[in-house]
Amino acid sequence: MATSNGSSTGTKITALVVDDDRVINAIHCKRLNKLGIENHVAANGKEAVDLHCSGKKFDLILMDRDMPIMNGIEATRELRAMGVRSIIVGVSTRSIKQEIQEFMDSGLDDYQEKPLTSSKVISILHKINCNEFLD
């Protein structure tokens, strides 16, 4: 089940963290919270797809590659097929170019190795023109 870890600052940016690793979820949510980004968590790709089917929308999706039930490649393809236009960033420990390219080809906008550092999150936000949140 998805959970919310957002701040109450009235932020305009929303993010969905999709990862089956609770420690990684906590790290990524903490980084997003520090930047005032409201975030939600899904434990696998199916939960992410189900959230979108229920009408939820996010500006940014941080998508793990390897998860049970529905992996990040399948979930990204499904979300894109549904017309989801969120910025989807693949986040994985995979470092082989062919595996990264396969993930990118599923419909990602960017790829970062995990865990995300503050500088990686800021880099992602710059790419999606969220400069007003980085001052």
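Predicted, not measured: the structure shown is a model, and the values here were computed from it.

Visitor: Is there a simple way to think about the nonpolar core in this case?
Guide: The tendency in soluble globular proteins is for nonpolar side chains to be buried side by side. Ranked by size, the top nonpolar core spans 20 residues in total, and within it Leu16, Val18, Ile61, Met63 and Leu79 carry the most contacts. Counting residues per element, the ones that place at least two in this core are strand S2 (14-18), helix H2 (45-53), strand S4 (60-64), helix H3 (72-81) and helix H4 (97-105). Counting 16 residues, the second largest nonpolar core, distinct from the first, contains Ala15, Val17, Leu32 and Val121.

Visitor: How should the pattern of salt bridges be read in this particular structure?
Guide: Where charged atoms from two side chains of opposite charge come close, those side chains can pair. According to the stated counting rule, one finds 8 salt bridges in the structure shown. Across the salt bridge formed by arginine 94 and aspartate 66, the nearest N and O atoms sit 3.0 Å from each other. One end of the pair, arginine 94, is in the loop between strand S5 (87-92) and H4; the other, aspartate 66, is in the loop between S4 and H3, and 28 residues separate them in sequence. Under the relative-accessibility criterion, arginine 94 is labelled partly exposed at 23%. One connected set of salt bridges, linked through shared partners, spans Arg65, Asp66, Arg94, Glu99 and Glu102.

Visitor: Would you mind going over the packing of aromatic side chains with me for this structure?
Guide: The description of an aromatic ring pair rests on the distance of the ring centres and on the angle between the ring planes. Under the defined criterion, the tally for this structure stands at 1 aromatic pair. Each ring, one from phenylalanine 103 and one from tyrosine 111, has its centre 6.3 Å from the other, and the planes form 75°; the classification is edge-to-face. Note on accessibility: phenylalanine 103 and tyrosine 111 belong to one class, buried.

Visitor: When you look at the side chain of serine 106 in this model, what are you seeing that I'm missing?
Guide: Considering the arrangement of structural elements, one finds serine 106 in the loop between H4 and strand S6 (110-113). A polar contact of 2.5 Å, which involves the side chain of serine 106, links it to the backbone oxygen of phenylalanine 103. For serine 106, the contacting residues outside a window of four places in its chain are Ile73, Thr76, Arg77 and Arg80.

Visitor: When you look at the pairing of S4 in this model, what are you seeing that I'm missing?
Guide: Side chains on a regular strand alternate between the two faces of the sheet. By the criterion of burial, S4 is predominantly enclosed, with 5 of the 5 residues buried. Side-chain alternation along S4 places Leu60, Leu62 and Asp64 on one buried face and Ile61 and Met63 on a second face that is also buried. Pairing analysis gives 4 bridges linking S2 to S4, with the strands arranged parallel. By the bridge assignment for S4, alanine 15 is matched with leucine 60. Where S4 and S5 come together, 5 bridges link them in parallel fashion. Considered in S5, the bridge of isoleucine 61 is made with isoleucine 88. Note that the unit made of S4, H3 and S5 has a crossover that is right-handed.

Conventions adopted
Residues numbered from 1 in each chain as written. Predicted model: local features only at pLDDT ≥ 70, side-chain atom pairs only at ≥ 80, totals over all residues. Heavy atoms only, no water. Core = buried A, V, L, I, M, F, W, Y, C linked by side-chain atoms within 4.5 Å. Buried < 20%, exposed > 50% of the residue type's maximum accessible area, 1.4 Å probe, protein only. Helix = DSSP H or I, 4+ residues; strand = E, 2+ residues; numbered from the N terminus. Salt bridge = Lys/Arg side-chain N within 4 Å of Asp/Glu carboxyl O. Phe/Tyr/Trp six-rings, centres within 6.5 Å; stacked < 30°, edge-to-face > 60°. Polar contact = N/O pair within 3.5 Å; in protein donor to acceptor, adjacent residues only side chain to side chain. Contact = heavy atoms within 4.5 Å. Pairing = 2+ DSSP bridges. Right-handed = clockwise from strand over helix to strand, strands pointing away.

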